[in-house]
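# An overview of the molecular structure
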Amino acid sequence: MNNDLYAVVGNPISHSKSPRIHNLFASQTGEQLEYTAIQAPEDDFAGTATGFFQRGGKGLNVTVPFKQEAWELADRRTERAQLAGAANTLYQDREGLLIADNTDGKGLVTDLTANHGISLAGRRILVLGAGGAVRGVLGPILAEKPAALVIANRTVAKAEALVTLFAAVAGDTSLDACGFEQPCEPFDIIINGTSASLQGDLPPVSANVIGADTVIYDMMYSLQTTTFNQWALDQGATRVFDGLGMLVEQAAESFRLWRGVSPDTRPVIDELRND
Ligand code: ATR
């Protein structure tokens, strides 16, 4: 019998760590599957994804720049994908309907809570950025019931739009939007979801947002300390994490959805960290 086939689709895709992560999960759990990387043409994600499932493919991860198109292509969306407005996971249900899910937020929350032992409940959280990456994680963050969530962004209107969008699921969490320069009190947790570091920039936030116990989390991951995390360390932060754990945990959540099996993420995070 042939192995079940999975893949990650993006453009570019050669840098993706998803094949490595999922193949480590497969060998660890004994699941019989193959996981590859597919570069879709910029203008034909739909054809690439549809063709993959027509050939018997079981599940896709989706990355830049196709997460929104994946969401649009699906017949059904999970609640968290619906809120995220983007999908990183696709699979077919028993009737052959294409289901879109988004495991990014769950990956972030699991990394913070389970791997780093940081509870979000009752905490004051500052999120930097208001693009697709931030929208993708806000639902699962709010589900942890923080006391306050402030979304700061260069374009304040985009942060305000996210506040409007997520007001219905904010519960008792106080949810606010502002520019980067406005927050000047220490927060319990600061999450950088901007792509500023791709241009070698930093979100121009006051160093006063960092207190002695502030947890810093950069959703970005790179082999070296990220630009944002280096800035936070320079301001005296000591509890500083990057997005490697989130990357592995979002993959683990997709693997669970597809296979019904929970991989052990710790050895996979350790192996990637030692690259
Ligand atoms: P992604 O999918 O990575 O979220 P995106 O939707 O383009 O990509 O969002 C990028 C985020 O990083 C936005 O919050 C963007 O700010 P704007 O909404 O004002 O564009 C932020 N960002 C990108 N480059 C930045 C920079 N040089 N300084 C500060 N913020 C930046």
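Residues numbered from 1 in each chain as written. Predicted model: local features only at pLDDT ≥ 70, side-chain atom pairs only at ≥ 80, totals over all residues.

An unreviewed UniProt entry annotates the chain as Shikimate dehydrogenase (NADP(+)) originating from Marinobacter vulgaris.

This part covers the nonpolar core. Counting 75 residues, the largest nonpolar core has Val9, Ala70, Ile125, Leu126 and Ile151 as the members making the most contacts within it. In terms of residue count, the dominant contributor to this core is helix H9 (residues 244-259) (eight residues). Of the domains in this structure, domain 1 (4-102 + 246-273) and domain 2 (105-242) are the two that each give at least three residues to this core. Those residues in contact with Ile151, other than ones at most four positions away along the chain, are Val127, Ala130, Ala159, Leu162, Val163 and Ala177. (Core = buried A, V, L, I, M, F, W, Y, C linked by C-beta atoms within 7 Å. Buried ≥ 20, exposed ≤ 12 C-beta atoms within 10 Å, placed from the backbone. Helix = DSSP H or I, 4+ residues; strand = E, 2+ residues; numbered from the N terminus. Domains from an automatic or database assignment. Contact = placed C-beta atoms within 7 Å.)

This brings us to the UniProt feature "binding site: shikimate" (unreviewed entry) in the chain. Within this structure's numbering, the places UniProt gives as "binding site: shikimate" (unreviewed entry) are Ser16, Lys17, Ser18, Thr63, Asn88, Asp104, Tyr221 and Gln250. Among residues more than four places away in sequence, those in contact with Ser18 are Val8, Asn61 and Ala251. Once residues lying within four places of it in the same chain are set aside, the contact partners of Tyr221 are Asp242, Gly243, Leu244 and Leu247. (UniProt positions renumbered as here; feature names shortened; annotations may be inferred.)

Next up on the list: the sheet that holds strand S1 (residues 4-10). With mixed pairing, six strands are arranged side by side in an open sheet as S2-S1-S3-S5-S6-S4. The two strands at the open ends of the sheet, each matched to only one other strand, are strand S2 (33-39) and strand S4 (76-77). The sheet contact formed by S1 and strand S3 (residues 59-62) spans four bridges and is parallel. Bridge pairing in S3 links Val8 to Asn61. Taken strand by strand, H9 contacts S1, S3, strand S5 (89-92) and strand S6 (98-101), and its axis lies near 5 degrees from that of S5. (Pairing = 2+ DSSP bridges. Axes fitted to C-alpha atoms, helices over the stretch in contact; angles between N-to-C directions.)

This part takes up the site of the ligand. Taken together, 16 residues surround the ligand, and among them Gly131, Gly132, Ala133, Arg154 and Thr155 come closest. Top element by residues in the shell around the ligand is helix H6 (residues 132-143). It accounts for three residues. Residue classes in the shell around the ligand are distributed as five nonpolar, eight polar and three charged. (Near = placed C-beta within 6 Å. Nonpolar A, V, L, I, M, F, W, Y, C, P; charged D, E, K, R; others polar.)

What follows deals with the UniProt feature "domain: SDH C-terminal" (unreviewed entry) in the chain. Here the UniProt feature "domain: SDH C-terminal" (unreviewed entry) sits at residues 243-273. In residues 243-273, the share of helix is 81% and the share of strand is 0%. The end C-alpha atoms are 11 Å apart.

What follows deals with the sheet that holds strand S9 (residues 174-178). Taking strand neighbours across the sheet as the criterion, the six strands line up as S9-S8-S7-S10-S11-S12 in an open arrangement whose pairing is parallel. Of all strands in the sheet, those with a lone pairing partner are S9 and strand S12 (239-241), marking the two edges. Across the sheet, the mean angle from the axis of one strand to that of its neighbour is 15 degrees, orientation sign disregarded. With three bridges connecting them, strand S11 (residues 210-218) and S12 associate as parallel partners. When the sheet's bridge partners are listed, Tyr217 is paired in S12 with Phe241.

Most of H6 sits inside the fold, with 10 of its 12 residues counted as buried. Along H6, the positions that sit buried rather than exposed are Ala133, Val134, Arg135, Gly136, Val137, Leu138, Gly139, Pro140, Ile141 and Leu142. If you follow the buried residues of H6, they end up packed against helix H4 (79-84), helix H5 (104-115), strand S7 (124-128), strand S8 (148-152) and helix H7 (156-166). In the segment just after H6, Lys145 is the residue with positive phi, at about 60 degrees.

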